[in-house]
Amino acid sequence: MKIKIILTFIILLFLINRLNCQTIVPTTPQPRNVLLEEFTGINCGACPYAHAIIADFHNDYPNRFYSIAYHVGSTAMPLAGQPDYRTDYGFYIENQTGLVGYPSGTVNRHVFPGLESIAGHTAMYKEQWDDAINIIMQQIAPVNITINAQFNYTTRTLDLLVEVYYTSNADSSINKLNIALVQNYVKGPQAELYHNSSFIAPDGQYYHMQMFRNFITGQWGIDIPETTTGSFYDTIIHYQIPTNFYNIPVDLSNLEIVAFVCEGRQEVLNATSVQLPRADFDIAALHCYAPHFTCTNISDISLLVKNKGYQTISSLDISYKINNGMTHTIHWSDNLSSDSLINITIPNISLNTGLNNIKIWTENPNNNIDKNPINDTANANINVFHPDILPPYLQDFSSITFPPSTIVIADNQPDGKTWQRDLASYENVGSAKIEFYYIQEGNTDDLILHSIDLSNYNNPTLSFFRAYRQYDGYITHNDMLQIDISTDCGNSWNTIWSKGDSALATGIPMMSSFTNPLSDEWQQEIISLINYKQTNVIIRFRAISDNGNNLFIDNIKIDENNSIADNDYPPIIIYPNPADDKIILKLSNNYINSIINIYDSKGQCIYKGNYETNKNITCDSWPNGIYFIKINNEIENNINKIIIQH
């Protein structure tokens, strides 16, 4: 990766234009643009807040605001299996800021008295960025900068024409031209990514934006010879873009070039940016949509594609493999204009029993080569529940493989946080854990068991152990676990058990993350399945987050149990949850004469009535949100949480 200043025919033409006073850079005074350099990391829980703030600045100040995100410091250090987004250049930039925590940022590398994290230094917390930006935007820049880019996708060669013009004297005679490459839409992990839900990709990963990749002009830029009024400087830079930076692949369709002029290594006098020119043919496979599970060996899938090139696409080949088997190809033809999206369905693909990993990719747009193949591929998993497994069934999560072959995990509002294996356990080693502590309020995550044949059992039962503590903060957070059953391959579900709030807890509340259940904090639940003595029974453990604390389950068992009487059912069943147009209550005889009160999240009672068998409560006009159902049978009060989601 070398920089070459080359004299070409382009330069000769430019010199002729210059003699005729034809330049691309303005020569009249212009407002000063903003460059925000952010210091962030994938294991920084507060960083998604900062990313959302920066995205708003980009939207609010088009062509005036530019940013670079350096992954640096302790929160950027990757954990096992995580990518490493750190760079050497970013480390040295960070060292001159005086930052004391992450996320932090500098605005034009300027010291703003009263806004700094440490007096006399450039680093500021995200709360101060807006004030600093407004100060800069009120100023006139002493220098204008314009950049023009040409790119050859075959040779990966970038040609940059940069022009600089001084409309007034710079305060320093030492000025540097800096040119950075940043990449947008880099998919990867991010702590507490739900704080910036607009950056969550369809597969639950996080889109990292303006990620710094390299300085084409080196760590501190190249010298600008003259910095007085009327001085003009231009250069052409020839640069070959590699296939990856620090082992992170380069997606050419999402590269951006940021150019700025500094006084020495600090004060940014002005900045601008330009996207890498588009290829003629660049089809991106954004996401493969597939059901989490199916009960037959045939299923449809679909692929969301985007035309990132400038040519309209009229034909395209889509190929896929299942579990690295043979390649299947379909031909698509229609019209997909530049920047347009389309979801292409592939019907009736043949699947294997168990887990199916699907790799799907695009090729041959308009019978041409896709110039940016890095974004052509997507992946999905489908688990085939066919045929039914036979009981007895035991899952103790002792295997390091997760999810096990007989379980499917569904991250219903993709946030990268869902059921995972943990070493804590009731016995042996291993359990399934859901980290409500890090999951946004209202999100649901499912752990779904392979369909089972209960037709030959007289008294089938489901049992499992759970461990949970509530989060005891400024307010009480009330997470919930419910168990649902489907007998039609997931088209409909009945709730057979649910517990939330203090009823779910097996230990005392705590303010920190619940990570290691004590032996006496594991409690067993035994649930009758006597109403489901048939084939194709699918059981779902649904975790409903209130951003509280962590829940563990272990030793899931389905077996015959003659000790449970036919009428020994859960005393309170509330379903569906989330609900749309109605809530169904099923209460045992002890609760037949109960008073039912329903409260919204503000504590206002919105419904009051007496219970009747299989009571249906209409809720189609209620706003989406969390509600609390209080059931009073004159002996005890039972409070359950339900989500309304239309």
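Colleague: Break down the overall build of the protein chain for me, with residues and values.
Modeller: Helix and strand counts for the protein chain come out as 5 helices and 42 strands. Burial analysis of the protein chain (646 residues in total) assigns 54% to the buried set. Long-range pairs, those at least 24 residues apart, make up 75% of the contacts in the protein chain between residues at least 6 apart in sequence. As presented, the protein chain carries roughly 28,100 Å² of accessible surface, and 48% of it is formed by carbon and sulfur atoms. Charge separation in the protein chain, taken as the distance between the mean sites of 36 positive and 64 negative side-chain charges, equals 3 Å.

Colleague: Outline the sheet that holds strand 34 (residues 538-544), supporting the account with residue identities and numerical values.
Modeller: Ordered in space as 26-29-34-31-32, the 5 strands form an open sheet in which the pairing is antiparallel. Bordering the open sheet on either side are strand 26 (407-411) and strand 32 (494-500), each of which pairs with just one other strand. Recorded for the sheet is a direction-independent mean angle of 15° between the axes of neighbouring strands. Sheet analysis places strand 31 (residues 480-486) next to strand 34, joined by 7 bridges and oriented antiparallel. Within strand 34, the residue paired with Ser486 across the bridge is Ile538.

Colleague: Please set out the state of the cysteines residue by residue, giving values where relevant.
Modeller: Enumeration over the complete set of coordinates arrives at 2 disulfides. Covalently, Cys44 is tied to Cys47 through a disulfide, its sulfur atoms 2.1 Å apart. Looking down the S-S bond of the Cys44 and Cys47 bridge, the torsion is 90°, so its handedness is right-handed. The two residues Cys44 and Cys47 agree in class, both being buried. For Cys295, the disulfide goes to Cys489, at an S-S distance of 2.1 Å. Taking the torsion about the S-S bond as the criterion, the Cys295 to Cys489 disulfide, at about 105°, is right-handed.

Colleague: Provide a residue-level description of the pairing of strand 21 (residues 328-336), including the pertinent values.
Modeller: The pairing of strand 20 (residues 313-322) with strand 21 spans 7 bridges and is antiparallel. Residue pairing across strands places Tyr320 opposite His328, the latter belonging to strand 21.

Colleague: How would you summarise helix 3 (residues 88-95) if you had to cite specific residues and measurements?
Modeller: The set of residues buried in helix 3 consists of Gly90, Ile93 and Glu94. Buried residues of helix 3, seen end-on, are gathered within an arc of 100° and therefore sit on one face of the element. Buried residues along helix 3 sit against strand 2 (34-40), strand 3 (65-71) and strand 10 (211-215). You can read the cap of helix 3 off the contacts: a side-chain oxygen lies 3.1 Å from the backbone nitrogen of Gly90, and it is on Thr87.

Colleague: Run through a negative patch on the surface, naming residues and quoting values.
Modeller: A cluster of acidic side chains, namely Asp56, Asp60, Asp130 and Asp131, defines a negative patch on the protein surface. For Asp60, a relative accessible area of 52% corresponds to the exposed category.

Colleague: Describe the sheet that holds strand 19 (residues 298-307), naming the residues involved and giving the relevant values.
Modeller: Spatially, 17-19-22 is the arrangement adopted by the 3 strands of the open sheet, whose pairing is antiparallel. The open sheet is flanked by strand 17 (283-289) and strand 22 (341-350), the only strands paired with a single partner. Adjacent strand axes in the sheet meet at a mean angle of 25° when their direction is disregarded. Here strand 17 pairs with strand 19 via 6 bridges, running antiparallel. Residue pairing across strands places Tyr289 opposite Ser302, the latter belonging to strand 19.

About the criteria used
Residues numbered from 1 in each chain as written. Predicted model: local features only at pLDDT ≥ 70, side-chain atom pairs only at ≥ 80, totals over all residues. Heavy atoms only, no water. Helix = DSSP H or I, 4+ residues; strand = E, 2+ residues; numbered from the N terminus. Buried < 20%, exposed > 50% of the residue type's maximum accessible area, 1.4 Å probe, protein only. Contact = heavy atoms within 4.5 Å. Areas by Shrake-Rupley, 256 points an atom, 1.4 Å probe, with all protein chains shown as cover. Lys, Arg positive; Asp, Glu negative; His and termini not counted. Charge placed at Lys NZ, Arg CZ, Asp CG, Glu CD. Pairing = 2+ DSSP bridges. Axes fitted to C-alpha atoms, helices over the stretch in contact; angles between N-to-C directions. Disulfide = S-S within 2.5 Å. Arc of directions from axis to C-beta. Polar contact = N/O pair within 3.5 Å; in protein donor to acceptor, adjacent residues only side chain to side chain. Patch = residues over 30% accessible without salt bridge, like charges linked within 9 Å, V, L, I, M, F, W, Y side chains within 5 Å. Salt bridge = Lys/Arg side-chain N within 4 Å of Asp/Glu carboxyl O.

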